[in-house]
Amino acid sequence: MVVALPKGRIAKEVLGLFSQIFGDEFQFSGRKLILEKQGFKFLNVRNWDVAVYVEQGVADVGIVGLDVLEELKSRVFRLWDLGLGKCRVSVAGQVGEEVEQRFREKGKLKIATKLTHLARSYFEEKGIPVEVLKLNGSIELAPLVGLSDFIVDIVETGQTLQENGLEEKDVILYSSAHFIANPNSFWKKRGEIVHLLHQLKEALPTERRAVISQ
Ligand code: PRP
């Protein structure tokens, strides 16, 4: 079975869970991108790419944030919300500047974001015309230098917004890491996938499990 694991902010917690199942030596050594263990092949991929590897069936299962799944509209089975890597996708802007007011003044807003589909559908639902500018990082800079009126971005602790004189205006989506499967793989390898799912649930600290089951 092939498992796609994410690099980045949820990597540490996710790798921690897998080391509980597969032993202390569970790590990608150096710059290696593939780890083989106990009949499993683990792929070390960017958070965004986990959904692509699983959707394409190159990986049978993977762990990825709900924000990515919703943005990419990935056709995968969402088997379990691990409750790790909690964050939200929010509309944010300079303190005191309101979306509706700015819209009335300008008629059309500029929005900077990595999450272009989520941003577009949010403003479309509100009936607010927008020009969406796709950026790849440091999104919070855009409204500070006049590149955009507002941003749509991931907020975890809120520290980046706060340190840059920005604030959340609205929450579009609450996100956390999900265990996903390729639909064909799920039908073919259902037993193995469900077994891994149970192992992950067992490995999750009990206080986390309690939070998730609420
Ligand atoms: C993400 C996100 C925000 C920040 C939010 O960026 O885009 O900038 O984290 O986290 P906070 O609420 O805890 O401050 P990331 O660190 O992934 O880097 P990026 O700027 O390259 O997107």
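Anything mentioned here points back to the structure above.
What comes next concerns the included structure.

The rules behind these values
- Residues numbered from 1 in each chain as written.
- Predicted model: local features only at pLDDT ≥ 70, side-chain atom pairs only at ≥ 80, totals over all residues.
- Heavy atoms only, no water.
- Near = heavy atom within 4 Å.
- Polar contact = N/O pair within 3.5 Å; in protein donor to acceptor, adjacent residues only side chain to side chain.
- Areas by Shrake-Rupley, 256 points an atom, 1.4 Å probe, with all protein chains shown as cover.
- 1 Å grid on protein atoms, 1.4 Å probe; cavity = no way out; pocket = protein on both sides within 12 Å on 5 of 7 lines; lining within 4 Å.
- Sits in = over half its atoms within 2 Å of the grid points.
- Buried < 20%, exposed > 50% of the residue type's maximum accessible area, 1.4 Å probe, protein only.
- Helix = DSSP H or I, 4+ residues; strand = E, 2+ residues; numbered from the N terminus.
- Arc of directions from axis to C-beta.
- Pairing = 2+ DSSP bridges.
- Axes fitted to C-alpha atoms, helices over the stretch in contact; angles between N-to-C directions.
- Contact = heavy atoms within 4.5 Å.
- Core = buried A, V, L, I, M, F, W, Y, C linked by side-chain atoms within 4.5 Å.
- Phe/Tyr/Trp six-rings, centres within 6.5 Å; stacked < 30°, edge-to-face > 60°.

1. Focus: the site of the ligand
As a matter of local geometry, the ligand sits amid 13 residues, with R9, K114, E140, T157 and T160 nearest to it. The backbone of S138 places a nitrogen or oxygen atom 2.8 Å from an oxygen atom of the ligand. Contact with the protein chains covers 71% of the free accessible surface of the ligand, which is 500 Å². More than half of the atoms of the ligand fall within 2 Å of the grid points belonging to the largest pocket.

2. Looking at helix α5 (residues 116-126)
Of the positions making up α5, those classed as buried are T116, L118, A119, Y122 and F123. Angularly, the buried residues of α5 cover 165° about the axis, an arc narrow enough to put them on a single face. Of the residues in α5, the exposed ones pointing more than 90 degrees away from the buried face are E124 and E125. Downstream of α5 by a residue or two, G127 has a phi angle that is positive, lying close to 75°.

3. Some remarks on the sheet that holds strand β6 (residues 87-94)
What the 5 strands build is an open sheet, ordered β8-β7-β9-β6-β10; its pairing is mixed. Single-partner strands in this sheet number two, and they are β8 (130-134) and β10 (166-175). Between one strand and the next, the sheet's axes are offset by a mean angle of 25°, whatever the strand orientation. With 8 bridges joining them, β6 and β10 adopt antiparallel strand pairing. Among the inter-strand pairings, C87 is bridged to a residue of β10, identified as S175. The strands touched by helix α4 (residues 99-106) within the sheet are β6, β7 (109-113), β9 (150-155) and β10, with β7 carrying the most contacts at an inclination of about 130°.

4. Remarks on the nonpolar core
Within the largest apolar cluster, 29 residues are counted, with the highest numbers of intra-cluster contacts made by F18, F42, F179, L196 and L200. Counting only elements with at least two residues in this core, the list comes to β1 (2-6), α1 (11-22), β3 (40-45), β4 (61-65), β11 (177-181) and α9 (190-203). If you look at the next biggest cluster of nonpolar residues, it comprises 28 residues, including V2, V54, V64 and L115.

5. Remarks on the sheet that holds β1
In spatial order, the strands read β2-β3-β1-β4-β11-β5; together these 6 strands make up an open sheet with mixed pairing. A strand with exactly one partner marks an edge of an open sheet, and here the two such strands are β2 (34-37) and β5 (77-81). Averaged over neighbouring strand pairs, the angle between their axes works out to 25° when direction is ignored. Direction of pairing for β4 relative to β11: antiparallel, over a ladder of 5 bridges.

6. Description of the packing of aromatic side chains
Scanning the entire structure with this criterion turns up 12 aromatic pairs. When the ring of F22 is compared with that of F42, the centres are 5.2 Å apart and the planes differ by 75°; the resulting orientation is edge-to-face. Within this pair, whereas F22 is found in helix α1, its partner F42 is found in strand β3, the two being separated by 20 residues in sequence. You'll find F22 and F42 in the same group, each marked buried. Arranged with centres 5.6 Å apart and planes meeting at 80°, the rings of F77 and F186 form a pair that is edge-to-face. A residue pair is termed long-range when its members are at least 10 positions apart, and F77 in strand β5 and F186 in helix α8 (residues 183-188) qualify at 109 residues. One aromatic cluster in this structure is built from F18, F22, F26, F40 and F42.

7. Digging into the side chain of S148
The residue S148 is located in the loop between α6 (141-144) and β9 in this model. Within the structure, the side chain of S148 is placed 2.9 Å from the backbone oxygen of F150, a separation counted as a polar contact. If sequence neighbours within four positions are ignored, S148 has contacts with K110, I111, A112, A142 and P143.

8. A short note on the pairing of β9
Here β9 lies mainly inside the structure; 5 of its 6 residues are buried. Pairing between β6 and β9: 5 bridges, direction antiparallel. By the bridge assignment for β9, R88 is matched with V155. Looking at chain direction, β7 and β9 are connected through 3 bridges and run parallel. From the neighbouring strand, I111 faces β9, where its bridge partner is F150.

Note that every value here comes from positions in space, so none of it alone points to a role or purpose.
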